[in-house]
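# Structural overview
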Amino acid sequence: MIIVKKTNEIKGNIYAPPSKSYTHRAVICASLSDGISEIKNPLNSADCLSSVHGARMLGAHIDTDDKNKWIVEGNNNSPKTPENIIDIGNSGTTLRILTGISSQIKKGYAILTGDESIRKRPMQPLLDALKQLGIEAFSSKMDGTAPIIVKSGEIKNNTVRIRGDMSSQFITSLMMTLPFAKEDSKIILTTPLKSAPYLDITLDVLSKFGITVKPLDNEKDKAEKGFFIEGSQKYKSCNYTVEGDYSSASYLIAAGVLLNSELTINNLFKDSKQGDKEIINIVKNMGAHIKVKDDKVIINGPHNLKGVKVDVKNIPDLVPTIAVLGCFAEGKTTIYNGEHVRLKECDRLSACAKELSKMGAKITEKPDGLVIEGVGKLKGAELETYHDHRLVMAFTIAGMMAEGETIIRGEDAVKISFPNFVDVMKSIGANITCK
Ligand SMILES: O=C(O)C1=C[C@@H](OP(=O)(O)O)[C@@H](O)[C@H](O)C1
Ligand SMILES: C=C(OP(=O)(O)O)C(=O)O
């Protein structure tokens, strides 16, 4: 557990942890490539190591001894049949991407599974999409969740239709798999897209590893939104440096604007493709005066915040952070368009409402979001975090602002995306201890 006490001041010049989304994609692209790639500043977290593990099972050699630089020898566009089941732990990104990629093993089957939470996360839209492509992939329990069994197969059809509103990771998986098809192909979205910036991250990394995926040309194809993928492309090796993670930095930014602070957070790029850089605009709209440089964010808090309305369609991972900020803002903060936020490590809408209410927050759960009446102060309480890293980190910030002591259960989950979270928070003066 983390024991959090009211914290008067935080100070420091720190680095945002490396991006989880970029690390996953870089290591998987490198693992498929034709040579040796160096991944610099990778995120050494449990989720990214799940991608490393899966990529090794599919035939890549990956040396992670140097935590600052992973060396990846790719399987030369020829994923191998895994010797065993692939246990991807808690990582949705790994499960979704490698389900598609596994269909390109030359013979046999790949079986992908993970922890209790991952075995509840939806997979059916991706399985249906693979079926349209002539690939046999199914849930062993026949309920659309992992364990997933994927049969090696040649991609046959060249058009796949898939919903875009449940998880962008299904589409990332298809974007990374369809370059293996002999013929050109199209992904057509049957609903408006959510979490869209994650597809920009996918396109960005793919392009560095020699793969081109283009949005469908809307002039020619007015009715259809989606992507065009040229057939028979090859992944090429590339030396890649991972930028800092705005989702992880959101907890530091929230702490900075709420508390008495002098905080510089480095390695956050102004021109990043990460949707979660929106945290900067959100706190600015709430009234915070933070300085944004090309590669860092500087905060001198506290700032008086006012409630705002936030569309979280494209920024699902920021919800716990915004919920905490809303508790300390004047007036009402409304989070909407976040049905997909219920499909993460846990139902984050319901968990935020339930747990923050224990601290005296006034939160109403809506089908697609949360309405938070700013109460200005919270009181310490004992909180559950449902094995969800983002809840542990967001609730820690709430605890630092609360009167009395807050106990946060399940702190181990931070290893998923921000393994040294507790040490970083202590280094800037957070009044926290682990037991
Ligand atoms: O592709 C990615 O790296 C991610 C996509 C998002 O998921 P959805 O597309 O399922 O919303 C996000 O919540 C997750 O943390 C990381
Ligand atoms: C939902 C998350 O990741 P994933 O989907 O990869 O499990 C997350 O990091 O908040």
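Residues numbered from 1 in each chain as written. Chains lettered and ligands numbered in written order. Predicted model: local features only at pLDDT ≥ 70, side-chain atom pairs only at ≥ 80, totals over all residues. Heavy atoms only, no water.

Next up on the list: the site of ligand 1. With respect to spatial proximity, 13 residues lie near ligand 1, and among them R25, S167, S168, D317 and K344 are the closest. Between an oxygen atom of ligand 1 and a side-chain N or O atom of K344, the distance comes to 2.6 Å. When the free accessible area of ligand 1 is taken as 390 Å², the share hidden by the protein chains comes to 95%. Every element with two or more residues in the shell around ligand 1 is listed here: α1 (20–32) and α5 (168–177). If you tally residues by element for the shell around ligand 1, the top one is α1, at three residues. Of the residues in the shell around ligand 1, the class split is two nonpolar, seven polar and four charged. Here the shell around ligand 1 spans two domains, and each of domain 1 (2–16 + 243–434) and domain 2 (20–230) adds at least three residues to it. (Near = heavy atom within 4 Å. Polar contact = N/O pair within 3.5 Å; in protein donor to acceptor, adjacent residues only side chain to side chain. Areas by Shrake-Rupley, 256 points an atom, 1.4 Å probe, with all protein chains shown as cover. Helix = DSSP H or I, 4+ residues; strand = E, 2+ residues; numbered from the N terminus. Nonpolar A, V, L, I, M, F, W, Y, C, P; charged D, E, K, R; others polar. Domains from an automatic or database assignment.)

Okay, the sheet that holds strand β14 (residues 240–241) next. For sheets, the rule is that strands pair by backbone hydrogen bonds, running either parallel or antiparallel. Read across the sheet, four strands follow the order β4-β5-β3-β14 without closing on themselves; strand pairing throughout is mixed. Across the chains shown, the open sheet's two edge strands, defined by having one partner strand only, are β4 (61–63) and β14. Relative to strand β5 (residues 69–73), strand β3 (residues 36–40) runs antiparallel, the two sharing five bridges. Counted as the bridge partner of I36 is E73 from β5. (Pairing = 2+ DSSP bridges.)

On to the UniProt feature "binding site: 3-phosphoshikimate" (unreviewed entry) in the protein chain, then. Mapped onto this numbering, the UniProt entry gives "binding site: 3-phosphoshikimate" (unreviewed entry) at K20, S21, R25, S167, S168, Q169, S195, D317 and K344. Residues in contact with S168, not counting those within four places in the same chain, are K194, S195, Y198 and L199. With respect to the element layout, D317 can be found in the loop between β18 (309–311) and α9 (319–327). The residues contacting D317, other than those within four sequence positions of it, are Y198, Y251, D276, K344, R348 and R390. (UniProt positions renumbered as here; feature names shortened; annotations may be inferred. Contact = heavy atoms within 4.5 Å.)

Under the UniProt annotation, the feature "active site" (unreviewed entry) is placed at D317. With relative accessibility at 12%, the residue D317 sits in the buried group. A polar contact is formed between the side chain of D317 and the side chain of Y198, at a distance of 3.3 Å. (Buried < 20%, exposed > 50% of the residue type's maximum accessible area, 1.4 Å probe, protein only.)

Further remarks concern the packing of aromatic side chains. What the rule picks out here adds up to five aromatic pairs. When the ring of Y251 is compared with that of F421, the centres are 6.5 Å apart and the planes differ by 80°; the resulting orientation is edge-to-face. Of this pair, Y251 sits in helix α7 (residues 246–258) while F421 sits in helix α12 (residues 421–427), and the two are 170 residues apart along the sequence. On the numbers, 5.3 Å between centres and 75° between planes, the contact of F418 with F421 is edge-to-face. The exposure classification of F418 matches that of F421, with both residues buried. (Phe/Tyr/Trp six-rings, centres within 6.5 Å; stacked < 30°, edge-to-face > 60°.)

A sheet is described by the order of its strands in space; here four strands give the open sequence β18-β19-β21-β20, paired in mixed fashion. Each edge of the open sheet is held by one strand with a lone partner, namely β18 and β20 (362–366). For this sheet the average axis-to-axis angle between neighbouring strands, irrespective of direction, equals 10°. Pairing analysis gives three bridges linking β18 to strand β19 (residues 332–336), with the strands arranged parallel. (Axes fitted to C-alpha atoms, helices over the stretch in contact; angles between N-to-C directions.)

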